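Chain by chain, the residues run as shown.
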Amino acid sequence: FLTGNDYTCKELYEFWHPGCVMIRDKSAEDYTVNLDKPDRFPTLVCRGIDGTWTGAVDVSGYLYVDDLVRDREESMSMMRMENLYQEYQNKVLDRKSDGAKELMVGTLWSINDPLERTRILYEGDPRYRFRRIPALDEKDRSNFEYEIGGFSADYYIDLRRRLESAEWQAKYMHS
């Protein structure tokens, strides 16, 4: 992603940081990447919520949270949802510095998952934005059909036919 030809990350980095080395070091074992100058904490750290965070992660720029809830089965347990929310509060948010931005992405499986609890907590706060983009619009047109890649309406309509209604609504329609 950072150095390949499919994206312009390297080109943009070199433009904005002339003479700097883009990737100083990286570790597949620790799931880290350091850009340019070494610091106390890596530039990019990829960790699961059940991984070790203490001493390894400091969020001073952006926190990207993706799919905290694994699947429908996990979402159906109130205890699991509460434990996951508390782990998110006590492990993830503890590493977030004042002023850091957060982007949460995922499937809205349950009203008890961290996505929905966060939305309810900050609803009406102008500093927060929440978006739900359904796979299909009200006329069954795909919201994700692009010139290159993406997903057609036929693809989603076929999935809707095959999946249970609750699973379709959660995974693809966000309702």
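In case you missed it, the structure is sitting above this.
Residues numbered from 1 in each chain as written. Predicted model: local features only at pLDDT ≥ 70, side-chain atom pairs only at ≥ 80, totals over all residues. Heavy atoms only, no water.

Of regular secondary structure, the chain possesses six helices and five strands. Taking the principal axes of the C-alpha coordinates as reference, the chain spans close to 55 × 40 × 35 Å. Within the chain, buried positions represent 28% of all 175 residues. Long-range contacts, defined here as pairs at least 24 residues apart, represent 41% of the contacts in the chain between residues at least 6 apart. Of the roughly 12,800 Å² that the chain leaves accessible, carbon and sulfur atoms contribute 50%. (Helix = DSSP H or I, 4+ residues; strand = E, 2+ residues; numbered from the N terminus. Buried < 20%, exposed > 50% of the residue type's maximum accessible area, 1.4 Å probe, protein only. Contact = heavy atoms within 4.5 Å. Areas by Shrake-Rupley, 256 points an atom, 1.4 Å probe, with all protein chains shown as cover.)

A separate point is the nonpolar core. Residues Ile 49, Val 65, Leu 68, Leu 84, Tyr 88 and Val 92 are the most contacted members of the largest nonpolar core, which totals 18 residues. Broken down by element, the residue count for this core peaks at five residues, all from helix H3 (residues 78-92). When near neighbours in sequence (up to four residues on either side) are disregarded, Val 92 contacts Ile 49, Trp 53, Leu 63, Val 65 and Glu 87. Counting eight residues, the second-largest nonpolar core is a separate cluster that includes Leu 136, Trp 168, Tyr 172 and Met 173. (Core = buried A, V, L, I, M, F, W, Y, C linked by side-chain atoms within 4.5 Å.)

Moving on, we get to the packing of aromatic side chains. Here the structure, examined in full by the defined rule, presents nine aromatic pairs. Plain terms: the ring middles of Tyr 85 and Tyr 88 are 6.4 Å apart, the flat faces sit at 40 degrees to each other, and that makes the pair tilted. Taken as a pair, Tyr 85 and Tyr 88 lie in helix H3 at a separation of three residues, close to a single helical turn. On the basis of relative accessible area, Tyr 85 is assigned to the buried category, the value being 9%. The exposure class of Tyr 88 is buried, given its relative accessible area of 1%. Between Tyr 155 and Tyr 156, the ring centres sit 5.4 Å apart and the planes meet at 70 degrees, which makes this aromatic pair edge-to-face. For Tyr 155, a relative accessible area of 38% gives the class partly exposed. Counting every residue linked through ring pairs, the aromatic cluster contains Phe 151, Tyr 155, Tyr 156, Trp 168 and Tyr 172. One residue, Arg 117, lies across the ring of Tyr 85, its end atom 3.7 Å from the ring centre. (Phe/Tyr/Trp six-rings, centres within 6.5 Å; stacked < 30°, edge-to-face > 60°. Lys NZ or Arg CZ within 6 Å of the ring centre and 35° of its normal.)

Roughly 1,400 Å³ of internal volume is contained in the largest pocket. Lining the largest pocket are 42 residues, and of these Leu 103, Met 104, Val 105, Leu 115 and Arg 129 sit closest to its centre. Listing elements by their share of the lining of the largest pocket, those giving two or more residues are strand S4 (62-66), H3, strand S5 (101-105), helix H4 (114-122), helix H5 (153-162) and helix H6 (165-173). It is H4 that contributes the most residues to the lining of the largest pocket, six residues altogether. Counted by class, the lining of the largest pocket contains 22 nonpolar, seven polar and 13 charged residues. Residue assignment for the lining of the second largest pocket shows that the elements contributing at least two residues are strand S3 (44-45), S4 and H3. Of the residues in the lining of the second largest pocket, the class split is 16 nonpolar, five polar and 10 charged. (1 Å grid on protein atoms, 1.4 Å probe; cavity = no way out; pocket = protein on both sides within 12 Å on 5 of 7 lines; lining within 4 Å. Points joined across faces, edges and corners; volume = space filled by probe spheres on them. Nonpolar A, V, L, I, M, F, W, Y, C, P; charged D, E, K, R; others polar.)

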